[in-house]
Amino acid sequence: MEGLEVMSDNTIRLSRSVIGEEEKKAVLDVLDRQYLGMGQDVLYFEQELATYFAREAVCVNTGTAALHLALQALGVGPGDEVLVQSLTYVASFQAISATGARPVPCDIDPDTITLNVDDAKKRITEHTRVVMPVHYASSVGPLDEIYEFAQDNDLRVVEDAAQAFGTYYNDKKVGSFGDIACFSFDGIKNITSGEGGAVVTDDKEVLQRVKDARLLGVEKDTEKRYSGDRSWDFDVSMQGWRYHMSNVMAAIGIEQFKKFPIFAEKRKELLKRYQSNLANINSIELLKQDANQIVPHIFVIKLKNYDRNTLRKMLEDVGIPTGIHYKPNHKLSYYDTGVELPCTDTVAKEILTLPLHPELQISDVDHICEMLKQCLGI
């Protein structure tokens, strides 16, 4: 493109897994021990997470599985409804519909792209069982207001905290308080176990149900696995799934968790640089995010009065990848009920995700912002 400098090595990536020799060695150690399934490594990872959150954590194979099992453990099923914002990854909706319940799409707060509680209040019915706030781009939204709404209407709260590992709300770690929080450890999250997720709560009954359900419903099989044994004479009293985490996955997660303080500071540093570089630009609106409270998984801007597809192509031509997080679920065929969500529909056409991961350098952010400004004619 005329007037724009193209990156010669084309190294900037939108997101990436950040792993090193420590993770490789940990996986090889598991392979050498020849116990690849769920065992002591998973137990140790859960213990580390429990110490971090000051409450028990149960690890599973994906963040979606964490949401699914948390809902099932609450007894959510056919005929029930779950309130959830439409602008989220489809995993949130799939986890709900996997129980047989109906996800009820709600509108968003445009400043944070989190659940609009006033809109959710309009959509509650006698069938509503759960409200699922999604911590979009690591922003938590009005959790106090959400919990007050849930308490007033006898609802449970399952936080989709897939993007919010390490984030704080009112100086408390997300997951260390509240009802139930579900995290994701997929390849590009704030920490990864390759794939993986966790359910965190103080509800002992929910925890036990999740433990059993992740192992095909085999009762008390978790304890056997952690001692290197198997259940041979057992009972199953509910629908279960093969959702358990493996030792290979946990070994990666353990090493990633050790590095998390470094990852977190780098992500915060990058967010602050983006915010500084892109402040007070008429054609760009930043989300309301406190870089001292959140550990950003992705960096999202909103474009004002500029064609997004044109801009994405211009940036791609100079070696800068972008993404769109996400297409609203009420616009997907499987979940389209004809509901109108005006704020969601507007914001969904404006959002653009710029590169962010711990191997991105401050100089990369400066370059990205400079190219972005040039593309916008600034």
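Residues numbered from 1 in each chain as written. Predicted model: local features only at pLDDT ≥ 70, side-chain atom pairs only at ≥ 80, totals over all residues. Heavy atoms only, no water.

## Considerations on the overall build of the chain
Now for step 1: Helix and strand counts for the chain come out as 12 helices and 14 strands.
Now for step 2: Its C-alpha atoms give the chain a radius of gyration of 21 Å, near enough to 21 Å, the size a compact globule of 378 residues would have.
Now for step 3: Each principal axis of the C-alpha distribution contributes one length, and for the chain these read about 70 × 55 × 40 Å.
Now for step 4: Out of the 378 residues in the chain, the part that is buried amounts to 58%.
Now for step 5: For the chain, the exposed surface amounts to about 16200 Å²; the carbon and sulfur share of it is 47%.
Now for step 6: With 41 positive and 57 negative side-chain charges, the chain shows a separation of 1 Å between the mean positions of the two kinds. (Helix = DSSP H or I, 4+ residues; strand = E, 2+ residues; numbered from the N terminus. Rg over C-alpha atoms; globule rule 2.2 N^0.38 Å. Buried < 20%, exposed > 50% of the residue type's maximum accessible area, 1.4 Å probe, protein only. Areas by Shrake-Rupley, 256 points an atom, 1.4 Å probe, with all protein chains shown as cover. Lys, Arg positive; Asp, Glu negative; His and termini not counted. Charge placed at Lys NZ, Arg CZ, Asp CG, Glu CD.)

## Some remarks on the sheet that holds strand β13 (residues 299-303)
Now for step 1: The 3 strands lie next to each other as β12-β13-β14, forming an open sheet whose pairing is antiparallel. Edge strands, defined here as strands with exactly one partner in the open sheet, are β12 (284-286) and β14 (351-354). Across this sheet, the average inter-strand angle for adjacent strands is 40 degrees, counted without regard to direction.
Now for step 2: Alignment of β12 against β13, held across 3 bridges, turns out to be antiparallel. (Pairing = 2+ DSSP bridges. Axes fitted to C-alpha atoms, helices over the stretch in contact; angles between N-to-C directions.)

## Structural notes on the packing of helix α3 (residues 63-73) against helix α4 (residues 90-98)
Now for step 1: For the pair α3 and α4, interaxial distance at closest approach is 8 Å and the crossing angle is 35 degrees. At the point where α3 passes α4, the crossing takes the right-handed sense. Of the residues in α4, those touching α3 at Thr64, Leu67, His68 and Leu71 are Ala91, Ser92, Ala95, Ile96 and Ala98.
Now for step 2: Among the residues forming the contact of α3 with α4, the class breakdown is 6 nonpolar, 3 polar and no charged. (Left-handed = near helix turned anticlockwise from the far one by under 90°. Contact = heavy atoms within 4.5 Å. Nonpolar A, V, L, I, M, F, W, Y, C, P; charged D, E, K, R; others polar.)

## Let's talk about the nonpolar core
Now for step 1: Core analysis: the largest hydrophobic core is formed by 44 residues, its most contacted members being Phe45, Leu49, Val131, Phe165, Phe183, Phe185 and Met245.
Now for step 2: Contributing elements (two or more residues each) for this core: α2 (40-53), β1 (57-60), β3 (102-106), α5 (117-122), α6 (143-152), β10 (180-184), β11 (197-201) and α9 (247-277).
Now for step 3: Sorting elements by how many residues they give to this core places α9 first, with 6 residues.
Now for step 4: Core analysis: the second largest hydrophobic core is formed by 30 residues, Leu74, Ala101, Ile180 and Leu207 among them. (Core = buried A, V, L, I, M, F, W, Y, C linked by side-chain atoms within 4.5 Å.)

## What to know about the sheet that holds β3
Now for step 1: Spatially, β1-β11-β10-β7-β6-β2-β3 is the arrangement adopted by the 7 strands of the open sheet, whose pairing is mixed. Every interior strand has two partners, whereas the edge strands, β1 and β3, have only one. Shown here is a sheet whose adjacent strand axes are inclined to one another by a mean of 25 degrees, direction ignored.
Now for step 2: Along the sheet, α2 makes contact with β1, β10 and β11, crossing β1 at roughly 135 degrees.

## A word on the packing of α9 against helix α12 (residues 362-375)
Now for step 1: Interhelical geometry of α9 versus α12 gives an angle of 30 degrees and a closest axis separation of 10 Å. Viewed along their axes, α9 and α12 adopt a mutual orientation that is roughly parallel. The handedness of the crossing between α9 and α12 comes out as right-handed. On α12, the residues touching Glu269, Leu270, Arg273, Tyr274 and Asn277 of α9 are Ile362, Val365, Asp366, Ile368, Cys369 and Lys373. (Parallel < 35°, antiparallel > 145°, perpendicular 65-115°, else oblique.)

## Things to note about unusual backbone geometry
Now for step 1: For the peptide bond that leads from histidine 325 to tyrosine 326, omega is 10 degrees, which places it in the cis range.
Now for step 2: The topology assignment puts tyrosine 326 in the loop between α10 (308-317) and α11 (342-348).
Now for step 3: Phi at serine 138 is positive, roughly 75 degrees, even though this residue is not glycine.
Now for step 4: Here the phi dihedral of leucine 216 falls at roughly 60 degrees; this positive angle occurs in a residue that is not glycine.
Now for step 5: Its location among the elements puts leucine 216 in the loop between α7 (204-213) and α8 (221-226).
Now for step 6: Assessed through its relative accessible area of 44%, leucine 216 is described here as partly exposed.

## Thoughts on the pattern of salt bridges
Now for step 1: In this structure the tally under the stated criterion is 25 salt bridges.
Now for step 2: Measuring nitrogen to oxygen at the nearest pair gives 3.1 Å for the salt bridge that ties lysine 25 to aspartate 29. Here the residue lysine 25 and the residue aspartate 29 both occupy positions in helix α1 (residues 21-33), the gap between them amounting to 4 residues, near one helical turn.
Now for step 3: Residue classification places lysine 25 among the exposed residues on the basis of a relative accessible area of 52%.
Now for step 4: A salt bridge links glutamate 285 to lysine 302, with the shortest nitrogen-to-oxygen separation between them at 2.9 Å. (Salt bridge = Lys/Arg side-chain N within 4 Å of Asp/Glu carboxyl O.)

## Let's talk about the environment of leucine 270
Now for step 1: Within the secondary structure, leucine 270 sits in helix α9.
Now for step 2: Expressed as a C-alpha distance, the spacing of leucine 270 and leucine 356, which sit 86 residues apart in the sequence, is 7.2 Å.
Now for step 3: With residues near it in sequence (within four places) discarded, leucine 270 still touches Leu356, His357, Leu360, Gln361, Ile362 and Val365.

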